[in-house]
Amino acid sequence: MLIAPDTAYSAQIAIIIDDVGNSFLRDKAAFSLPKNVAVSILPHKKMSQKYALLAKEQQREFLLHMPMESVAGLRQEPNVLLASMNDSDILQTLNAAFASVPDALGMNNHMGSRLTQLAHPMRTTMGYLHQHGLIFIDSRTTALTLAETIARQQHVPTMRRHVFLDNDLSVDKIDRQFNLLVTKARKYGRSLAIGHPHSQTITYLQQRLPKLAQDNVQLIPLSAMLLLQGGNEPPRAITE
């Protein structure tokens, strides 16, 4: 069920923390952030189901962070969606992944710079999401992605990532990226960022998010931002 946004603020942001599930000590810190920060959980990890349950207990929205084939083909997770798969293989892989992250709101892509460029596997994937009433967030790991466009064609609630917070883990760079997120939100009304459960990112967000109200900017859940679709669309994000 999509949650309606509060329109009292001039701009809204949403944040997803990706790559949750690999490390108990590192990843658990993401759950100390305000509950409007979503987490995206890798499938088939030791903590996948436990973190899905924890997010549900916190009333925190969470996604399946679905591994997809990259152009380089490096550092790929097991059970990744591959260009060589037929429709049956894709559907079986999605079924197993969602079973390991039960009750996810939908999914975003982990890597996927190759697969998200390919129309047929994206149509099969979006058909699955539409059938199950799930959403899709395009992480935009390539400027050539077709994923968001095909999701819209398949009537899957969707939006794209506009800012990566922490490709560089220096505090100054994270701060610069967060300020870019706020700037985009003020210009277009809304903006979506993706970060990761690095200690630098979590510490920065713990300190910065309580100050958002001073900027007349509101942190909202993913579902609330989806309801804001149809307004002035932010420019295509630069692949970072």
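Up top you'll find the structure we're talking about.
Caption draft 1: Molecular detail of the pairing of strand E8 (residues 190–195). For E8, the buried fraction is high: 6 of the 6 residues fall into the buried class. Of the two faces of E8, the one carrying Arg190, Leu192 and Ile194 and the one carrying Ser191, Ala193 and Gly195 are both buried. Where strand E7 (residues 163–164) and E8 come together, 2 bridges link them in parallel fashion. Among the inter-strand pairings, Phe164 is bridged to a residue of E8, identified as Ile194. After leaving E7, the chain enters helix H6 (residues 171–188) and then returns to the sheet as E8, a path that is right-handed.

Caption draft 2: Representation of the pattern of salt bridges within the structure. Applying the stated criterion across every chain, the model contains 8 salt bridges. Here Asp215 makes a salt bridge to Arg186, at a shortest N to O gap of 4.0 Å. Of this pair, Asp215 sits in the loop between helix H7 (199–208) and strand E9 (217–219) while Arg186 sits in helix H6; the two residues are 29 residues apart in sequence, bridging distant segments of the chain. Arg186 gets classed as partly exposed once you look at its relative accessible area, which sits at 49%. Where Asp215 meets Arg208, a salt bridge forms, and the shortest distance between an N and an O atom there is 2.8 Å. In the salt-bridge network here, residues are joined through shared partners; they are Glu148, Arg152 and Arg160.

Caption draft 3: Structural view of the packing of aromatic side chains. Going through the model one piece at a time under the given rule, you end up with 3 aromatic pairs. Aromatic side chains Phe31 and Tyr51 sit 4.9 Å apart centroid to centroid with 20° between the ring planes, which places their arrangement in the stacked category. With Phe31 in the loop between helix H1 (24–27) and strand E2 (38–41) and Tyr51 in helix H2 (residues 48–57), the pair connects residues that are 20 residues apart, well separated along the chain. Residue Phe31 shares its accessibility class with Tyr51, and that shared class is buried. Here the guanidinium or amino end of Arg161 rests over the ring plane of Phe164, the centre of that ring lying 3.9 Å away.

Caption draft 4: Structural view of the nonpolar core. Grouped together as the largest cluster of nonpolar side chains are 54 residues, with contacts concentrated most on Ile15 and Phe178. Those residues in contact with Phe178 that lie beyond four places of it in its chain are Ile13, Ile15, Leu165, Tyr204, Leu205, Arg208, Leu209 and Leu212. Formed by 16 residues, the second largest nonpolar core is a distinct cluster that contains Leu63, Ile194, Ala224 and Met225.

Caption draft 5: Structural view of the environment of Leu94. Along the polypeptide, Leu94 turns up in helix H3 (residues 87–100). Looking at Leu94, the relative accessible area reads 0%, which means it is buried. Each C-alpha atom of the pair Leu94 and Val37 lies 24 Å from the other, and the pair is 57 residues apart in sequence. If we skip the residues at most four places from it in the chain, Leu94 touches Met66, Leu81, Met107, Thr125 and Tyr128.

Caption draft 6: H7, seen in detail. Among the residues of H7, Thr201, Ile202, Tyr204, Leu205 and Arg208 are the ones counted as buried. The buried side chains of H7 occupy one side of the element, clustering within an arc of 165° when seen end-on. Facing away from the buried side of H7 by over 90 degrees, the exposed positions are Ser199 and Gln207. On the buried face of H7, the contacting elements are strand E1 (11–20) and H6.

The rules we used
Residues numbered from 1 in each chain as written. Predicted model: local features only at pLDDT ≥ 70, side-chain atom pairs only at ≥ 80, totals over all residues. Heavy atoms only, no water. Buried < 20%, exposed > 50% of the residue type's maximum accessible area, 1.4 Å probe, protein only. Helix = DSSP H or I, 4+ residues; strand = E, 2+ residues; numbered from the N terminus. Pairing = 2+ DSSP bridges. Right-handed = clockwise from strand over helix to strand, strands pointing away. Salt bridge = Lys/Arg side-chain N within 4 Å of Asp/Glu carboxyl O. Phe/Tyr/Trp six-rings, centres within 6.5 Å; stacked < 30°, edge-to-face > 60°. Lys NZ or Arg CZ within 6 Å of the ring centre and 35° of its normal. Core = buried A, V, L, I, M, F, W, Y, C linked by side-chain atoms within 4.5 Å. Contact = heavy atoms within 4.5 Å. Arc of directions from axis to C-beta.

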